[in-house]
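Letter by letter, the chains look like this.
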Amino acid sequence: MDSNQHLFWPEKIAKEVIKKFNMDKYVVMTGTSISGDPHIGNANDVIRGYFIKVALELLGKKSELVWVADDMDPLRSVPEGLPKGLDKYLGIPVCNVPDFFGCHKTFTIHYEEKFLNQLEKLFIKPKAFFGIEMYKNGMYNETIKISMEKREEIMKILNKYRTNPLPKDWYPIDVVCENCGKISTTKILEYDNMNFSVKYICEKVEKILHKKYKVSGCDYIGTTSIFNGNCKLTWRVEWPARWSFFKVTCEPFGKEHAAAGGSWDTAKEIVKIFNWEPPYPVIYEHFLVEGQKMSKSKGNIITIDDILNFLLPEHIRYWMVQGKLTIAKDIRLASMVPHLFNEFDKAKKIYLGLETTNDKRKDNNYKKAYLFATFDIKESENVFNVSFETFLELVKVSPESNEVEFLKKRLKKLNYDFDENELEKRIKLAKNYLEKIIGNEKIEKIEIDEKTKSYLKKLINIIKDSENDDLLQQKIFEIANEYGDVKNFFSNIYKILFGKEQGPKLAKYIFIAGKENIIEKLKKFL
């Protein structure tokens with residue numbers, strides 16, 4: 001039997017990483033260039049990298065998840081919704097742009113801190129490094145020196161993948177102008193390899209950033225050291241450079257980097273100049289929102305905090321660890337939320353040996369997904385046996401002043417298992433779902449004819465007289481058969497109760513929500 005047959009994707013990757021590098025410690029690298037409010041797409045590589053780190057640890061290996069903030073990149077555009085005054089900082093490293101909100105030293109620290117806080121809410125804590133500090137502290141110094149020495153060799157690699165070759169006066173670093181602070185407008189005139197310094201000019205020639213923003217330099221000519229934050233390696237050289245000094249063994253990244261002639265193709269060759277090997281690549285698809293690419297221009301940006309309004313951290317992690325890396329995850333909250341509540345609860349019961357699908361492979365997938373979703377989270381062994389749909393309807397009829405106690409009593413009376421410590425959290429999430437998602441859905445118009453009204457009266461009478469849900473369910477089917485169109489009968493009842501044609505098992509739901517509440521709803525249509 002293939003030893004990889006029942007391995008989850010992070011485990012398969014971890015085994016490949018160990019096979020390739022065979023080291024005492026394995027470094028999983030991630031990185032983000034944040035120039036605005038962080039969204040869940042920014043966390044894509046970090047969350048996936050975290051699962052690989054966990055897989056390495058489960059295999060008994062020491063591992064570290066590293067996250068780098070690429071905050072020496074120039075400000076190339078003014079993010080939607082931010083002050084117009086930002087446009088005067090175009091071309092300047094984002095780490096040197098002030099925080100317009102007044103709560104942090106810089107623009108990037110404001111958003112970097114927010115991003116790391118959101119990750120922490122998912123119980124993911126990478127070891128964070130900030131580009132500007134890395135440069136100033138000399139972490140890149142040796143690779144900058146090598147890059148300048150091996151400039152022609154690096155140019156040769158880059159030109160292999162270019163239609164138009166780089167100019168002969170190209171250098172692998174960009175200089176920060178000492179006069180105006182811009183990095184997008186400087187050009188190196190000469191390099192002094194004895195003093196490790198460059199002479200440069202901040203060109204007044206107009207440049208276009210992000211295909212729309214015009215920026216020009218100040219015409220300053222100066223000489224500066226290539227070390228300690230005065231210069232920055234260009235992206236295609238910087239990426240392999242940090243693989244070398246972090247000793248990176250694995251890195252997840254978006255598919256655009258892996259396109260033919262992209263940064264992955266050049267980086268895996270350039271890294272050998274720095275005497276290191278390319279890390280094991282983990283290429284993933286980006287998120288969609290309701291089938292569309294997530295973008296600020298479409299106004300469909302979703303953050304981790306947005307999703308945490310409706311789901312627990314372990315639900316988000318469960319969703320992220322499930323499925324194939326090469327298939328885009330489509331965020332459709334209306335269907336995603338109920339599905340994840342129910343799937344996660346099922347996975348937990350299978351993991352604890354309380355339930356089975358009677359299929360070893362499926363059971364294994366549920367167990368692995370639950371394990372990765374809850375790793376580093378203190379999870380109780382109490383389970384929820386209540387479907388999200390049923391729980392949602394019960395929340396609807398709960399008195400606001402005493403909803404927790406009301407639900408406890410109802411669930412206990414109906415012999416449902418539930419985690420008392422988690423109940424309050426789930427109530428809050430369900431209420432958010434009702435208000436912010438269901439509240440925005442179109443409710444199907446309900447038209448009840450005279451025949452159906454007469455059968456509603458019969459249904460009300462049997463609900464009044466029933467003492468248990470099994471007997472009630474049987475009597476409901478008898479009425480439905482007598483009605484003549486079973487499907488249409490149930491469809492009408494579900495429309496009255498839920499505003500849609502389907503719902504949970506009717507009799508059980510009636511006892512959960514309370515017979516008196518259901519009777520009151522049905523009477524409104526008589």
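Computed from a predicted structure; not experimentally measured.

What counts and what doesn't
- Residues numbered from 1 in each chain as written.
- Predicted model: local features only at pLDDT ≥ 70, side-chain atom pairs only at ≥ 80, totals over all residues.
- Heavy atoms only, no water.
- 1 Å grid on protein atoms, 1.4 Å probe; cavity = no way out; pocket = protein on both sides within 12 Å on 5 of 7 lines; lining within 4 Å.
- Points joined across faces, edges and corners; volume = space filled by probe spheres on them.
- Helix = DSSP H or I, 4+ residues; strand = E, 2+ residues; numbered from the N terminus.
- Core = buried A, V, L, I, M, F, W, Y, C linked by side-chain atoms within 4.5 Å.
- Buried < 20%, exposed > 50% of the residue type's maximum accessible area, 1.4 Å probe, protein only.
- Contact = heavy atoms within 4.5 Å.
- Expected span 1.5 Å × (residues − 1).

Draft legend 1. Summary view of empty space enclosed by the protein. A full pass over the atoms with the stated rule returns three cavities of 30 Å³ or more. The volume enclosed by the largest cavity comes to roughly 40 Å³. Considering the residues around the largest cavity, the lining is formed by Phe341, Asp345, Phe384, Val386, Ser387, Phe388, Phe391 and Arg426. Going through the elements one at a time, helix 11 (333-351) and helix 13 (388-396) are the ones with two or more residues in the lining of the largest cavity.

Draft legend 2. Examining the nonpolar core more closely. Of all hydrophobic cores here, the largest spans 174 residues; its most connected members are Ile144, Ile173, Ile331, Phe391, Ile476 and Phe489. Those residues in contact with Ile144 that lie beyond four places of it in its chain are Tyr135, Ile173, Ile226, Phe227 and Leu233.

Draft legend 3. Inspection of helix 13 at higher detail. The buried fraction of helix 13 is high, at seven of nine residues. Buried residues of helix 13: Phe388, Thr390, Phe391, Leu392, Glu393, Leu394 and Val395, and no others. Looking at the buried residues of helix 13, the elements they touch are helix 11, helix 14 (403-413), helix 15 (420-436), helix 18 (486-498), helix 19 (506-513) and helix 20 (515-523).

Draft legend 4. Structural context of helix 3 (residues 107-121). In this model, helix 3 (15 residues) spans 22 Å end to end at C-alpha, consistent with the 21 Å of a helix rising 1.5 Å per residue. All of the buried residues along helix 3 are Phe107, Thr108, His110, Tyr111, Glu112, Phe115, Gln118 and Leu119. Residues of helix 3 that are buried make contact with strand 1 (25-32), helix 2 (44-58), strand 2 (62-69), strand 3 (127-130) and helix 9 (304-307). In the stretch just after helix 3, Phe123 is the one whose phi turns positive, near 65°.

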